Amino acid sequence: MRRLNRRKTLSLVKELDAFPKVPESYVETSASGGTVSLIAFTTMALLTIMEFSVYQDTWMKYEYEVDKDFSSKLRINIDITVAMKCQYVGADVLDLAETMVASADGLVYEPAIFDLSPQQREWQRMLQLIQSRLQEEHSLQDVIFKSAFKSASTALPPREDDSSQPPDACRIRGHLYVNKVAGNFHITVGKAIPHPRGHAHLAALVNHDSYNFSHRIDHLSFGELVPGIINPLDGTEKIALDHNQMFQYFITVVPTKLHTYKISADTHQFAVTERERVINHAAGSHGVSGIFMKYDLSSLMVTVTEEHMPFWQFFVRLCGIVGGIFSTTDYGNHVRQKANLSDFLI
């Protein structure tokens, strides 16, 4: 009785078989069929390799939201060389109301040589080339995000030559913390001194003929310092053609959270507009000689996340490739067999 029930069950399962088998005695191989099979397997192998390369690749996803963090401090990372001696220049930061002077104690003034050595000049030329490509190919920024912490350092390399030339410039580098409101970081003549109504620079003791605000921005960034990230002003060099030259940079800072498979950092991106002019009060061009970086913060925050194709999606796409090619070649074999049968009947 049990055997009978088992046979009935097997018979029912066989009737439900959606993939009936053709006896081998009815199957005939041919050169054309072998050629089609070879083409099919080659196509499957190529598409599988291409699909695997897509599976290994990652992409950056950008999301935007309102920045609700107003209480934290904003870090500014600075490395600027000015073609004046350190005792003649001073750096300072003011907030929007110009009543609170941010402490610049985190900045270091180092005597330096303004002209770069051959190796440093090559570094600057390469950095400027990358900057020009970034302006043309915005997708390269994703590559820089992915390679953060893995790529070579973007800092100015030390001089490789033992120059006996006396220092003729001042390298101002370091970092400082400011409130998250619009502000003005500037480098001008004289050291900053406290003032009841704002701030001032002691410039009366500096000879006017020694004014030279030619400068090189080796690094300028906002937020957490992330090695490998190239910022818009890195590698910028400006040469002053007049003693009364004013250089202005108008910067819009965008808070950015970066999440990749290698790092997770709270940093800031920024866009910049440059302007320079000669101060001439007689011609109506008023102002103060120096380098002024006026920054403002965007109300939007960008979250950049590195994403990867999930394995189940890769598996489904792979099954679709294999199944599609098998179905297409199987349909071609059926058509060929029907044509051969028609020829036989005729």
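Residues numbered from 1 in each chain as written. Predicted model: local features only at pLDDT ≥ 70, side-chain atom pairs only at ≥ 80, totals over all residues. Heavy atoms only, no water.

- Per an unreviewed UniProt entry, the protein carries the name ERGIC and golgi 2 and comes from Ovis aries.

### Some points on the overall build of the protein
(1) Moving on: Looking only at helices and strands, one finds five helices and 15 strands in the protein.
(2) Moving on: Within the protein, buried positions represent 36% of all 346 residues.
(3) Moving on: Pairs at least 24 apart in sequence give 83% of the contacts found in the protein among residues at least 6 apart.
(4) Moving on: Counting only carbon and sulfur atoms, one obtains 59% of the accessible surface of the protein, whose full area is about 21,600 Å². (Helix = DSSP H or I, 4+ residues; strand = E, 2+ residues; numbered from the N terminus. Buried < 20%, exposed > 50% of the residue type's maximum accessible area, 1.4 Å probe, protein only. Contact = heavy atoms within 4.5 Å. Areas by Shrake-Rupley, 256 points an atom, 1.4 Å probe, with all protein chains shown as cover.)

### Observations regarding the nonpolar core
(1) Moving on: Ranked by size, the top nonpolar core spans 35 residues in total, and within it F185, I187, I251, M293 and Y295 carry the most contacts.
(2) Moving on: If we ignore the near neighbours within four places in the chain, the residues touching M293 are I80, G183, N184, F185, I217, L220, Y249 and I251.
(3) Moving on: Within the second largest apolar cluster, eight residues are counted, among which are M60, V226, I229 and A265. (Core = buried A, V, L, I, M, F, W, Y, C linked by side-chain atoms within 4.5 Å.)

### What to know about the state of the cysteines
(1) Moving on: Counted according to the given criterion, the structure contains one disulfide.
(2) Moving on: A sulfur-sulfur separation of 2.3 Å characterises the disulfide bridge that pairs C86 with C170. Its S-S torsion of about 100° marks the bond between C86 and C170 as right-handed, since a negative value means left-handed. Here C86, found in the loop between β2 (73-82) and β3 (89-95), pairs with C170, found in strand β6 (residues 169-179); they are 84 residues apart in sequence, far enough to count as distant. Each member of the pair, C86 together with C170, is buried. (Disulfide = S-S within 2.5 Å.)

### What about the pairing of strand β10 (residues 215-223)?
(1) Moving on: Taking burial as the measure, the nine residues of β10 include nine buried ones, the bulk of the element.
(2) Moving on: In the sheet, β2 pairs with β10 via seven bridges, with the strands oriented antiparallel. Its bridge partner being in β10, V82 is matched across the sheet by H215.
(3) Moving on: Pairing analysis gives three bridges linking β10 to strand β11 (residues 236-238), with the strands arranged antiparallel. Within β11, the residue paired with I217 across the bridge is T236. (Pairing = 2+ DSSP bridges.)

### Thoughts on the confidence of the model for the protein
(1) Moving on: Residues of the protein with pLDDT of at least 70 account for 74%, and the chain-wide mean is 78.
(2) Moving on: Strand β14 (residues 290-297) holds the highest mean pLDDT among the elements of the protein, 92, whereas strand β4 (residues 101-102) holds the lowest, 52.
(3) Moving on: Note on residues 338-345: pLDDT is under 50 here. Beyond four places in sequence and across chains, it has zero contacts. (pLDDT = per-residue confidence, 0-100.)

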